[in-house]
Protein chains: 2
Amino acid sequence: MTVMVTALNGLRQMISSGELRPGQRFPPEADLCARLDVSRSSLREAVRVLDTLGVIEVRHGSGTYVSRLDPADVIRGFSLTVDLLPLDGLLQLFEIRRVLEGNAAAQAAARAPEELIDRLSALCDEMEASDDVAAMSALDDEFHEAICVAAGNPTVTSLIGVFRSRGRHYKIFDSDPSAPVKRTSDEGHRAIVEAIARRDPAAATAAAASHVARTEFWLSTLQPAPDN
Amino acid sequence: MTVMVTALNGLRQMISSGELRPGQRFPPEADLCARLDVSRSSLREAVRVLDTLGVIEVRHGSGTYVSRLDPADVIRGFSLTVDLLPLDGLLQLFEIRRVLEGNAAAQAAARAPEELIDRLSALCDEMEASDDVAAMSALDDEFHEAICVAAGNPTVTSLIGVFRSRGRHYKIFDSDPSAPVKRTSDEGHRAIVEAIARRDPAAATAAAASHVARTEFWLSTLQPAPDN
DNA sequence: GATATCGAGTCATCAGATGAGTTGGCTGCG
DNA sequence: CGCAGCCAACTCATCTGATGACTCGATATC
């Protein structure tokens, strides 16, 4: 086991053991080095890992703190790696999205306030009227995000967000806005809204899952590499 | 933006841009430092982050390589942070488990070979006969893992595994093996197996989701801190 | 009492040195 | 020629020391 892993586990245990609660400050680097018996370089590497992942928070000039450990925040850190998955691996994530977004749509159907339904409907109008790829993509995000938020579990919203964001790097809408892809996508969104408006969770689940499945299919027909 | 983040993004872009494909080797540290215009310390911090997360692989004496970028592997890295979530945050993850394990059970009901059903049934027998907490926990893991594997999506299996592992640190079975918790758990497992054996996906989903929900409830009544 | 300044404490970053593992080629023997 | 063993170059691992930058509370000043 490398020295850095020793340091990493040491830091993690200080949190998991309850020695340091969310928001509390770690001892200074020098003290930690002595305690864990590692050099500053190794300690800092471990600290960076946990900092990058959102588990701890390093404040320059002030100290190192345990983060709030909010699940939604921690999960957001996953995108650091998920964003690097190649297309073929990405497709395996779609089963998760299908199930999770289906569930979120059902919750939204049960809980969404009337204002949200109006908002979703308005977003559909905008998407249908739009022919700018970037704008449509942004609206699409907002649409799905709103449904997740209405579902009421920020952690689930965060996880779906991570998986959705990876897909954004691929452009499934080609330049022709009249393409069947866009039309089908618009219809999918409309079906989800209608199910939610009818307060029909089962229908909302089916509509959302089906929508994700179609996206999955389009992506699977796309072999060109991503851009960034 | 810190220098380390510069390095991190530089490395990530080398992968996401397709410059380096899975399995390929990065230039030596010195070259990377020059290219990204960062010091060796900062570069190494960035490398460690990606290495710890399973995106790249550092082989002492040989070089640094892009990993296979298998989604299941990458997702396994999530446990590094998920294992640190406090109990209250952990409960938010149960909605995900409920939905995902319900789906996996449905898939298993549709696809599981006869041998697996026998195996699940045997595991139930063992669990019911066992009164050792540690052994029961291991059997429980094996039971749920087997269902996920049968469902056929390693990525989903990996994700469920990450979320399940976090729960393992809490002991919901108290020392009394005749406690209602154990009996209810045993019945839950049996119900899942029976639904899978009947090739009834909907029933399997309900049984699995209900089983997870019960675990969630038990955990929610448990406020004492974890041990490790 | 409000504000400006200062200094101790802390992290950020770099450079250099030494140690350790891997790999491929070279050598010499059979 | 084939192979085993050795060796040197290359690469990462880790530590140390130095300097810079930021934060924040204490102190001095008005």
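Structure report, in brief. All figures in this text were calculated on a predicted structure; none of them were measured in a lab. (Residues numbered from 1 in each chain as written. Chains lettered and ligands numbered in written order. Predicted model: local features only at pLDDT ≥ 70, side-chain atom pairs only at ≥ 80, totals over all residues. Heavy atoms only, no water.)

This next bit is on the protein's contact with DNA strand D. The local shell around DNA strand D holds 21 residues, among which A:Val3, A:Ser39, A:Ser42, B:Arg44 and B:Arg48 are the closest. Expressed as a percentage, the sugar and phosphate content of the atoms of DNA strand D within 4 Å of the protein is 66%. Within the backbone of A:Val3, one N or O atom sits 2.7 Å away from a phosphate oxygen of DNA strand D. Note that a base nitrogen of DNA strand D is positioned 3.2 Å from one of the side-chain N or O atoms of A:His60. Every element with two or more residues in the surface near DNA strand D is listed here: helix H3 (40-52) of chain A together with helix H3 (40-52), strand E1 (56-59) and strand E2 (63-66) of chain B. (Near = heavy atom within 4 Å. Polar contact = N/O pair within 3.5 Å; in protein donor to acceptor, adjacent residues only side chain to side chain. Helix = DSSP H or I, 4+ residues; strand = E, 2+ residues; numbered from the N terminus.)

Once that is clear, we can look at the environment of A:Leu36. All names here are of chain A. Tracing the backbone through its elements, the reader meets leucine 36 in helix H2 (residues 29-36). Residue class for leucine 36 comes out buried when judged on its relative accessible area of 16%. Expressed as a C-alpha distance, the spacing of leucine 36 and isoleucine 96, which sit 60 residues apart in the sequence, is 39 Å. Apart from the residues lying within four places of it in its own chain, the contact partners of leucine 36 are Ala7, Gly10, Leu11 and Leu43. (Buried < 20%, exposed > 50% of the residue type's maximum accessible area, 1.4 Å probe, protein only. Contact = heavy atoms within 4.5 Å.)

Quick look at helix H11 (residues 180-197) of chain B now. Residues and elements named next belong to chain B. The terminal C-alpha atoms of H11, which comprises 18 residues, lie 26 Å apart, in line with the 26 Å expected from a rise of 1.5 Å per residue. Listed in full, the buried residues belonging to H11 are Val181, Lys182, Thr184, Ser185, Asp186, Gly188, His189, Ile192, Val193, Ala195 and Ile196. The inward-facing, buried residues of H11 abut helix H7 (94-111), helix H8 (114-129), helix H9 (133-151) and helix H12 (201-220). Note on H11: the residue one or two positions beyond its end, arginine 199, has a positive phi of about 60 degrees. (Expected span 1.5 Å × (residues − 1).)

Between the two copies, chain B and chain A, the superposition gives an RMSD of 0.0 Å; the rotation angle is 180 degrees and the shift along the axis is 0.0 Å. Such a combination of turn and shift is consistent with a two-fold rotation axis. A share of 100% of interface residues in chain B that are also interface residues in chain A marks the association as one of identical surfaces. (Least-squares fit on C-alpha atoms with pLDDT ≥ 70 in both.)

Residues and elements named next belong to chain B. Between H8 and H9, the shortest axis-to-axis distance is 10 Å and the interhelical angle comes to 165 degrees. Of the possible angle classes, the one that applies to H8 and H9 is roughly antiparallel. For the pair H8 and H9, the crossing hand works out as left-handed. Residue-level contacts link Leu116, Arg119, Leu120, Leu123, Cys124, Glu126 and Met127 of H8 to Met136, Leu139, Asp140, Glu142, Phe143, Ala146, Ile147 and Ala150 of H9. Residue classes in the contact of H8 with H9 are distributed as 11 nonpolar, no polar and 4 charged. (Axes fitted to C-alpha atoms, helices over the stretch in contact; angles between N-to-C directions. Parallel < 35°, antiparallel > 145°, perpendicular 65-115°, else oblique. Left-handed = near helix turned anticlockwise from the far one by under 90°. Nonpolar A, V, L, I, M, F, W, Y, C, P; charged D, E, K, R; others polar.)

Moving on, we come to the protein's contact with DNA strand C. Taken together, 22 residues surround DNA strand C, and among them A:Arg48, B:Val3, B:Ser39, B:Ser42 and B:His60 come closest. Backbone atoms, meaning sugar and phosphate, form 71% of the atoms of DNA strand C found within 4 Å of the protein. A distance of 2.9 Å is found between a base nitrogen of DNA strand C and a backbone nitrogen or oxygen belonging to B:Gly61. Of all the secondary structure elements, the ones that give two or more residues to the surface near DNA strand C are H3, strand E1 (56-59) and strand E2 (63-66) of chain A together with H3 of chain B. Here the surface near DNA strand C is built from residues that sort into 3 nonpolar, 12 polar and 7 charged.

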